[in-house]
Each structure stands twice: as C-alpha cells, then as structure tokens.
Amino acid sequence: MSPLQNFTSGCVAAGVAQTLSFPFETVKRKMQAQSPFLPHYGGVDVHFTGIIDCFRQIVKVKGWLGLWSGLTANLVKIVPYCGLMFCTFEFCKRVCLYRNGYILSPLSYQPIPGVDQSLHPQELQELRKFLLRRKNFDTNKSTLSNCREL
C-alpha cells in the first residue's frame, strides 16, 4: 500500500471507531460533570441516576442525534492523528524489515530470495532435541541462564 492509502485507511478506521463509540463518550462526560464532590454537583441542572437514565434523558431532551453532539470537533482532532500514526507505523515497519534483511527495499514488501521467514513446529522440536543433547542444558531454567553456561 502507498503512504496515501495507509493514511486514508487510518483516517477511515478512526472515523468509524469514533462515530460508533461517541455516544458512550457523551454519556461518560455528562456523568462525570455531575460529580457530587463538586460544588452544586458541577453546576449541571440535570441529575442522572445511572448510565441508562443518562441515555434516556439525552434521547428525550435532544433526540437520538444528541448522543453525537460534539462529534465533529472530535473527528477533526482524532482522524488526522490516526491517519498519520498508521502511515508512520507502516513506514517504520518497512524500514525495520529492510534493515534486518527481510525485504529488498523499504519501498516494497518483496522478500529477499532465500530468506525463510517461517518456523514450523517440527523445526522447533528439532531445536529442542538438539539443545537437550547438549550438556548443561536444563529445560527448567530460563534461556538467559542456559546461554551463560554454554
């Protein structure tokens, strides 16, 4: 994928995630604003007895769209951030794969010929048998302590 596609994918993912979870954020903010520890219960005029009561009162007073009030400002903040984060992550992943010798170029995911990037269960069993045949190898010890003894 190109950097533009990575950026777009991150933006779309953030937009969908924020839009779906925003009603719960709205309820959380309203419940936090009516703290009994604040003077005059935080200055709010409506008091909620619980989460379901908060949902009901928001829908009753403002309608279903009231659950998404403030979504636009949140999307303006979150969507570009997630797009950049996803794009940067993918770029850094390519650079690390390239520097460790797994791919030909940081601009592609084409693997280097001859590099086997898989380790099957049979190979792990053979490795364990090999290590058990060596003297001073204890399966109950950590890997680091076994290496120190070799």
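Residues numbered from 1 in each chain as written. Predicted model: local features only at pLDDT ≥ 70, side-chain atom pairs only at ≥ 80, totals over all residues. Heavy atoms only, no water.

**Looking at the overall build of the protein**
Then, in step 1: For the protein, the helix and strand inventory stands at five helices and zero strands.
Then, in step 2: Beginning at the N terminus, the succession of helices and strands in the protein can be written as α-α-α-α-α.
Then, in step 3: Buried positions account for 19% of the 150 residues belonging to the protein.
Then, in step 4: Residue pairs at least 24 apart in sequence account for 43% of intrachain contacts in the protein once pairs closer than 6 positions are excluded.
Then, in step 5: Of the roughly 11,500 Å² of accessible surface on the protein, a fraction of 64% belongs to carbon and sulfur atoms. (Helix = DSSP H or I, 4+ residues; strand = E, 2+ residues; numbered from the N terminus. Buried < 20%, exposed > 50% of the residue type's maximum accessible area, 1.4 Å probe, protein only. Contact = heavy atoms within 4.5 Å. Areas by Shrake-Rupley, 256 points an atom, 1.4 Å probe, with all protein chains shown as cover.)

**Things to note about the packing of helix α1 (residues 3–33) against helix α2 (residues 51–62)**
Then, in step 1: Following both chains from N to C, one finds α1 and α2 inclined at 105 degrees, their axes separated by 10 Å at the closest point. Here α1 is positioned roughly perpendicular relative to α2, judged by the angle of their axes. Across the interface between the two elements, Pro23, Phe24, Thr26, Val27, Lys30 and Met31 of α1 pack against Ile51, Cys54, Phe55, Ile58 and Lys62 of α2. (Axes fitted to C-alpha atoms, helices over the stretch in contact; angles between N-to-C directions. Parallel < 35°, antiparallel > 145°, perpendicular 65-115°, else oblique.)

**A closer look at the packing of aromatic side chains**
Then, in step 1: Applying the stated criterion to the full structure yields one aromatic pair.
Then, in step 2: Ring geometry for Phe24 against Phe55: centres 5.8 Å apart, planes inclined by 80 degrees, an arrangement best described as edge-to-face. Here the residue Phe24 occupies a position in helix α1, and Phe55 occupies one in helix α2, the gap between them amounting to 31 residues.
Then, in step 3: With a relative accessible area of 21%, Phe55 lands in the partly exposed category. (Phe/Tyr/Trp six-rings, centres within 6.5 Å; stacked < 30°, edge-to-face > 60°.)

**Things to note about the confidence of the model for the protein**
Then, in step 1: In the predicted model, the protein carries a mean pLDDT of 80, and 73% of its residues have values of at least 70.
Then, in step 2: Of all helices and strands in the protein, the one with the weakest mean pLDDT is helix α5 (residues 143–149) (53), whereas α1 scores best (93). (pLDDT = per-residue confidence, 0-100.)

**Points about the pattern of salt bridges**
Then, in step 1: Across all of its chains, the model carries two salt bridges by this definition.
Then, in step 2: The residue Lys28 makes a salt bridge to Glu25 at a minimum N-O spacing of 3.3 Å. Within this pair, Lys28 and its partner Glu25 are both found in helix α1, separated by three residues, close to a single helical turn.
Then, in step 3: Take Lys28: its relative accessible area is 39%, and that puts it in the partly exposed class.
Then, in step 4: The class of Glu25 is partly exposed, set by a relative accessible area of 32%. (Salt bridge = Lys/Arg side-chain N within 4 Å of Asp/Glu carboxyl O.)

**Things to note about the environment of Ile112**
Then, in step 1: Following the sequence through the fold, Ile112 ends up in the loop between α3 (71–99) and α4 (121–133).
Then, in step 2: Here Ile112 is in contact with Gly101, Tyr102, Ile103 and Leu104, once residues within four sequence places are set aside.

**A look at the side chain of Asn74**
Then, in step 1: Among the structural elements, Asn74 can be located in helix α3.
Then, in step 2: For Asn74, a relative accessible area of 14% translates into the label buried.
Then, in step 3: Residue contacts for Asn74: discarding those within four places in its chain leaves Gln18 and Phe22.

**Points about the state of the cysteines**
Any covalent bond linking the sulfur atoms of two cysteines counts as a disulfide.
Then, in step 1: Inspection of the entire model under this criterion finds zero disulfides.
Then, in step 2: This cysteine, Cys82, is not joined by any disulfide, and Cys11 carries the nearest cysteine sulfur, 8.1 Å off.
Then, in step 3: Overall, the relative accessible area of 19% leaves Cys82 in the buried class.
Then, in step 4: You can see Cys92 has no disulfide; the closest cysteine sulfur is in Cys96, sitting 6.5 Å from it.
Then, in step 5: Judged by its relative accessible area of 40%, Cys92 falls in the partly exposed class. (Disulfide = S-S within 2.5 Å.)

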